[in-house]
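# Structure assessment
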Amino acid sequence: MRVIKRPSGFEFRNPGALRVPVAQALKGGESDCRNRTLQQMFLMINLGERAGSGLPRILTSWQSEGRLLKMKELFEPYDQSLLTMDCALETVSGKMSGKMSGKLSGKPTLEILSLIKQDSSLTIAELAITLELSERTIERAIQSLRADGRLERIGPSKGGFWKILK
């Protein structure tokens, strides 16, 4: 693992791809450890668990401070996972984002944009899992974002990606 501290925040690079999809890793609830011996050692000294709750705890804490966390997988020049934690306060369209982004308005659009900003290849199903909403709710929100000219789909449903326009 490589950790870099920058004035803008932190970057954690880990060799190898994640063993669960990024959206699922950030949502939590699924544990699939790479190094079972190391995991067992931490379990024996009560410093670990098999709940798959590490990344969601980090995400919740960081976002509660109004900060941006991005998680993605890179496959060139070799497989690696990258977690970026920005220290600057997160804004979307000039408004504060984070805990209060879409929850007060009842619309998940800002949360969808925030997730797509982190991983433009997310599917509607992955967005639904992460936001704990139905796929139909996500489809309606995306339809609204597209109608407002804020979001565009590049390529097919499988293998394409989202592009944030505004």
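The structure this text deals with has already been given above.
Let us look at the structure shown here. The structure displayed is predicted, hence computed values, not measured ones. (Residues numbered from 1 in each chain as written. Predicted model: local features only at pLDDT ≥ 70, side-chain atom pairs only at ≥ 80, totals over all residues. Heavy atoms only, no water.)

### Concerning the packing of helix 4 (residues 109-118) against helix 6 (residues 135-147)
Between two packed helices, the angle of one axis relative to the other and the distance separating the axes together describe the packing. Helix 6 packs onto helix 4 with a crossing angle of 85 degrees between their chain directions and a minimal axis gap of 10 Å. By the angle between their directions, the pair helix 4 and helix 6 is classed as roughly perpendicular. Where helix 4 abuts helix 6, its residues Thr109, Ile112 and Leu113 lie against Ile138, Ala141, Ile142 and Leu145. Here the residues of the contact of helix 4 with helix 6 sort into 6 nonpolar, 1 polar and no charged. (Axes fitted to C-alpha atoms, helices over the stretch in contact; angles between N-to-C directions. Helix = DSSP H or I, 4+ residues; strand = E, 2+ residues; numbered from the N terminus. Parallel < 35°, antiparallel > 145°, perpendicular 65-115°, else oblique. Contact = heavy atoms within 4.5 Å. Nonpolar A, V, L, I, M, F, W, Y, C, P; charged D, E, K, R; others polar.)

### Focus on helix 6
Across its 13 residues, helix 6 extends 18 Å between first and last C-alpha, which sits within 8% of the 18 Å expected from 1.5 Å per residue. Restricting attention to buried positions, one finds in helix 6 the residues Ile138, Ala141, Ile142 and Leu145. Summarising the axial view, the buried residues of helix 6 lie within an arc of 100 degrees, below the 170-degree limit, and thus occupy one face. Residues of helix 6 that are exposed and angled more than 90 degrees away from the buried face: Gln143 and Ala147. Looking at the buried residues of helix 6, the elements they touch are helix 4, helix 5 (124-131), strand 7 (151-154) and strand 8 (161-164). Two residues or fewer after helix 6 comes Gly149, characterised by a positive phi angle close to 75 degrees. (Expected span 1.5 Å × (residues − 1). Buried < 20%, exposed > 50% of the residue type's maximum accessible area, 1.4 Å probe, protein only. Arc of directions from axis to C-beta.)

### Some words on the pairing of strand 7
Where burial is concerned, the two faces of strand 7 differ: the one with Leu151 and Arg153 is buried and the one with Glu152 and Ile154 is not. As judged from the 4 bridges shared by strand 7 and strand 8, these two strands associate in the antiparallel manner. If you follow Leu151 over to strand 8, its bridge partner there is Ile164. Joining the antiparallel neighbours strand 7 and strand 8 is a turn of 6 residues, in which Gly155 adopts a positive phi near 90 degrees. (Pairing = 2+ DSSP bridges.)

### Here we look at the pairing of strand 2 (residues 9-15)
Where strand 1 (residues 2-6) and strand 2 come together, 5 bridges link them in antiparallel fashion. Residue pairing in the sheet places Arg2 in a bridge with Arg13 of strand 2. Counted along the chain from strand 1 to the antiparallel partner strand 2, the turn is 2 residues long.

### Remarks on the nonpolar core
Generally speaking, nonpolar side chains in soluble globular proteins are found buried as a group. Of all hydrophobic cores here, the largest spans 16 residues; its most connected members are Ile112, Ile116, Leu127, Ile138, Ile142 and Leu151. In this view, Ile138 contacts Ile112, Ile124, Leu127, Ala128, Leu131 and Leu133; residues no more than four positions away in its chain are not counted. Core analysis: the second largest hydrophobic core is formed by 8 residues, Val22, Trp62, Met71 and Leu83 among them. (Core = buried A, V, L, I, M, F, W, Y, C linked by side-chain atoms within 4.5 Å.)

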